[in-house]
Amino acid sequence: MSVQEKESIALVEFAGSHDECLYSQLYALSNLGKRVILICNPEIRERNPHFENFVEEFISVSFSKSKFKNNRILRGLLKRLNQENVSKVVLNTAQGGRVRNLCLMSLFSRIEFIGIIHTTRKFKGSFTQKIINWKVKKYLLLSNHLTSTVVPPKGITIDYFYPIRYQGQIKSTPSNSTLEITIIGGVENRRKDLSGFIKIASKLEQDVNFTFLGKSDPAHVDVQEFQEALAKNKLTACVKTFDHFVSQAEFNTQLLKTDAILPLVHPNTQSADQYFKNQISGAMSVAFGYKIPMLIHEYYSQIEEMKGMSVYYNPSNFGHRLSQKKQFETTRKNMEKNPLIDVDVQEERYLNFIFSD
């Protein structure tokens, strides 16, 4: 089949994040024989060189503070989509003013728009989202649990899939003398209960290594206060952070030796406002993709999709749970056999939804 005969699908990411959701989509669409166009900023392309193998055309977009210039970019983009004979646009982050404006401009276009929603708050009163819904009639969430918490607006279809393919994905085979616990992402109060971490880590009687696997900007006040708290509680030596963007190679190297992934989400904290109520933690996707057990507060033990893949704790028994290393090995084996988190099964879910009527 020639390039001209291939069905063209465009993936759009206007923001500078959620790269981790793109790879599964690019792989699945390309493997299906589609001509994949990726529309994103230059930074996303630069930090994801592995995308090159699955993208037949990149369209770079860089927005400014000028609404007039940005709308001109969007009009040019819509013209380009029509010239490329794109049949479907998948909005990797289907929210915000720029997505709204693109949807308005394409309201009468033959191109179907499909969205991925990262927080269910967008279905709970967002006026901008209501406008986006005029064009986008199908949405994917990143969690089965979250679909059960949403009543979609009339005429809107929702489903879920897990984007759990990672470049250079390896099977974690830890054989550590000291337990290795990884926290996905950098140091940030809004997404992680840092003060709660200090409390539970300072009470540990055994040696444990913790790694925050993401950039922790040394100039950020959260990072500075966290480093001070580590020093005060004599935890500096057992907690590793990165002051730079973590490459895929560094990411894989750390996960290869990881015994458990700690989302560090605790009830009645800022972290709980972010995760498991309105959106899913990226730690869950990484755990599912790499088949690494999660270490989760027992408050969240009622969430069905994480059962059998998690070891639960509370602040009082955290140390005891870590001492039971056998449970991590058992959970890992269960995850490896669980069809729910098979990458091919999830990408088939994705394709069935994208190409459903």
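Okay, so let's go over this structure. (Residues numbered from 1 in each chain as written. Predicted model: local features only at pLDDT ≥ 70, side-chain atom pairs only at ≥ 80, totals over all residues. Heavy atoms only, no water.)

## Let's talk about the side chain of Ser8
Examined against the element boundaries, Ser8 turns out to sit in strand S1 (residues 8-12). Residues in contact with Ser8, not counting those within four places in the same chain, are Arg35, Ile37, Glu84, Asn85, Val86, Ser87 and Lys88. (Helix = DSSP H or I, 4+ residues; strand = E, 2+ residues; numbered from the N terminus. Contact = heavy atoms within 4.5 Å.)

## Looking at the sheet that holds strand S5 (residues 112-116)
If you trace the seven strands from one edge of the open sheet to the other, you get S3-S2-S1-S4-S5-S6-S7, paired in parallel fashion. The sheet is open, and its two borders are formed by strand S3 (57-60) and strand S7 (157-160), each paired with just one other strand. Between one strand and the next, the sheet's axes are offset by a mean angle of 20°, whatever the strand orientation. Note that S5 and strand S6 (residues 136-141) share four bridges and pair parallel. In the sheet register, Gly115 faces S6, and the bridge partner there is Tyr139. (Pairing = 2+ DSSP bridges. Axes fitted to C-alpha atoms, helices over the stretch in contact; angles between N-to-C directions.)

## Focus: the packing of aromatic side chains
Under the definition given, this model contains 18 aromatic pairs. Where Phe123 meets Tyr139, the ring centres are 5.2 Å apart and the plane angle is 80°; that geometry is what we call edge-to-face. Taken together, the residues Phe123 in the loop between S5 and helix H5 (127-132) and Tyr139 in strand S6 connect sequence positions 16 residues apart. Like Phe123, the residue Tyr139 is buried in the burial classification. Taking 6.1 Å as the distance between ring centres and 65° as the angle between the ring planes, the aromatic pair formed by Phe251 and Tyr290 counts as edge-to-face. On the criterion of sequence distance, the pair formed by Phe251 in helix H9 (residues 248-256) and Tyr290 in helix H11 (residues 282-290) is long-range, its members being 39 residues apart. Summarising the burial analysis for this pair, Phe251 and Tyr290 share the class buried. In this structure an aromatic cluster arises from ring pairing among Tyr23, Tyr27, Phe51 and Phe54. The cationic tip of Arg45 hangs over the ring face of Phe58; the distance from NZ or CZ to the ring centre is 3.9 Å. (Phe/Tyr/Trp six-rings, centres within 6.5 Å; stacked < 30°, edge-to-face > 60°. Buried < 20%, exposed > 50% of the residue type's maximum accessible area, 1.4 Å probe, protein only. Lys NZ or Arg CZ within 6 Å of the ring centre and 35° of its normal.)

## Comments concerning helix H14 (residues 343-354)
Taking 1.5 Å per residue, 12 residues should reach 16 Å; H14 reaches 17 Å between its end C-alpha atoms and fits that length. For H14, the set of buried residues is Val343, Gln346, Glu347, Tyr350, Leu351, Phe353 and Ile354. Considered in projection along H14, the buried side chains sweep an arc of 165° and stay on one side of the axis. Summarising the contacts, the buried residues of H14 are in contact with S1, helix H1 (22-31), strand S4 (86-91), S5, S6 and S7. (Expected span 1.5 Å × (residues − 1). Arc of directions from axis to C-beta.)

## Here's the deal with the pairing of S6
Among the six residues of S6, five are classified as buried, and the element is accordingly described as predominantly covered. For the crossover that starts at S5, traverses H5 and ends in the parallel S6, the hand is right-handed. (Right-handed = clockwise from strand over helix to strand, strands pointing away.)

## Examining the environment of Phe54
By secondary structure assignment, the location of Phe54 is in the loop between helix H2 (42-47) and S3. Distance in space between the C-alpha atoms of Phe54 and Phe318 is 43 Å, their sequence separation being 264 residues. Other than its neighbours up to four places away in sequence, Phe54 contacts Tyr23, Leu26, Tyr27, Ser30 and Val36.

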